[in-house]
Amino acid sequence: FLSFGDSHPTDLERLAQLRIFSKWGADSHSFANLRASAEDNNSKAQIALGRKSVTKGHDEEAIYWFNRAAALEDPEAQLILGLLAFDGRGVQKDKNMAARWFYLAATQGDSNAQNMLGSQYASGEGVDQDYEESLSWYLQSGEQGNLFAQRVLGHIFLEGRGTAQNSAEAAR
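All of these numbers come straight from a predicted model, not from anything done at the bench.

Caption draft 1: Just the packing of helix α2 (residues 31-39) against helix α4 (residues 59-71), in detail. It is the contact of α2 with α4, at a shortest axis distance of 11 Å, that shows an interaxial angle of 50°. Considering the angle they form, α2 stands oblique to α4. Counting all contacts with α2, which are made through Arg-35, Ala-38 and Glu-39, the residues of α4 involved are Glu-61, Trp-65 and Arg-68. Classifying every residue of the contact of α2 with α4 gives 2 nonpolar, no polar and 4 charged.

Caption draft 2: Just the pattern of salt bridges, in detail. Applying the stated rule across the entire model yields 7 salt bridges. Of the charged contacts, one joins Arg-68 and Glu-39 as a salt bridge, the two residues approaching to 3.3 Å between their closest N and O atoms. Taken together, the positions of Arg-68 in helix α4 and Glu-39 in helix α2 put the pair 29 residues apart, joining distant regions of the chain. When the shortest N-O distance is used, the salt bridge between Lys-44 and Glu-76 registers 3.4 Å. With Lys-44 in helix α3 (residues 43-55) and Glu-76 in helix α5 (residues 75-87), this residue pair connects regions lying 32 residues apart in the sequence. Judged by its relative accessible area of 19%, Glu-76 is buried. One network of salt bridges, with partners in common, ties together Lys-44, Arg-51, Asp-74 and Glu-76.

Caption draft 3: Quick look at the packing of aromatic side chains. Summed over all chains, the structure comprises 2 aromatic pairs. When the centroid spacing of 4.9 Å and the interplanar angle of 75° are considered together, the rings of Tyr-64 and Trp-65 count as edge-to-face. Taking the relative accessible area as the measure of exposure, Tyr-64 reaches 41% and is therefore partly exposed. A residue is classified by how much of its surface remains accessible, and Trp-65, at 1% relative accessible area, is buried. Look at Tyr-103 and Trp-137: their rings are 6.1 Å apart centre to centre, the planes differ by 85°, and that puts the pair in the edge-to-face class. One end of the pair, Tyr-103, is in helix α6 (residues 95-106); the other, Trp-137, is in helix α8 (residues 131-143), with 34 residues separating them in the sequence. With a relative accessible area of 43%, Tyr-103 lands in the partly exposed category. For Trp-137, a relative accessible area of 6% gives the class buried. Its end group placed over the ring of Phe-86, Lys-95 keeps NZ or CZ at 4.4 Å from the ring centre.

Caption draft 4: Representation of unusual backbone geometry within the structure. Despite not being glycine, Asn-41 shows a phi value in the positive range, around 70°. Tracing the backbone through its elements, the reader meets Asn-41 in the loop between α2 and α3. Assessed through its relative accessible area of 44%, Asn-41 is described here as partly exposed. The backbone of Glu-73 shows a phi angle near 65°, a positive value even though the residue is not glycine. Positionally, Glu-73 belongs in the loop between α4 and α5.

Analysis parameters
- Residues numbered from 1 in each chain as written.
- Predicted model: local features only at pLDDT ≥ 70, side-chain atom pairs only at ≥ 80, totals over all residues.
- Heavy atoms only, no water.
- Axes fitted to C-alpha atoms, helices over the stretch in contact; angles between N-to-C directions.
- Helix = DSSP H or I, 4+ residues; strand = E, 2+ residues; numbered from the N terminus.
- Parallel < 35°, antiparallel > 145°, perpendicular 65-115°, else oblique.
- Contact = heavy atoms within 4.5 Å.
- Nonpolar A, V, L, I, M, F, W, Y, C, P; charged D, E, K, R; others polar.
- Salt bridge = Lys/Arg side-chain N within 4 Å of Asp/Glu carboxyl O.
- Buried < 20%, exposed > 50% of the residue type's maximum accessible area, 1.4 Å probe, protein only.
- Phe/Tyr/Trp six-rings, centres within 6.5 Å; stacked < 30°, edge-to-face > 60°.
- Lys NZ or Arg CZ within 6 Å of the ring centre and 35° of its normal.

Okay, structure coming up:
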């Protein structure tokens, strides 16, 4: 990641932010009903089972459910698979693959995936370094209220990376 002081979340913070490690919350569905919904191609149920598998340390099962949801073009599942590939959790660390997953989710409007792509383009991890492309993704994410992207955008405008230096925009 391109580091701007403490403006970027750590890997663990990103995963926690996306609730991958969240506890199995109070849910109106019983586990059996949830599993049946997942088997019937309900992507949200598949993601819930993937999260449950992660919390139990069953990474292979989690990947299975996240892949099923991603195949249904669920941007949350695509984002999660991108994070897992980026960090090498349950799968081989592959920042190129992470960028592909992030792109799929980002083009569907997922602000966290847009933020991750902005970071990857800024640092050149998994993609060719491109500050203008980085700025584009950060702007899309920031416009949706992503605080991480907004903070990084302030630094980008202050330093003039991928754009003209602009103190007024940096302070916004």
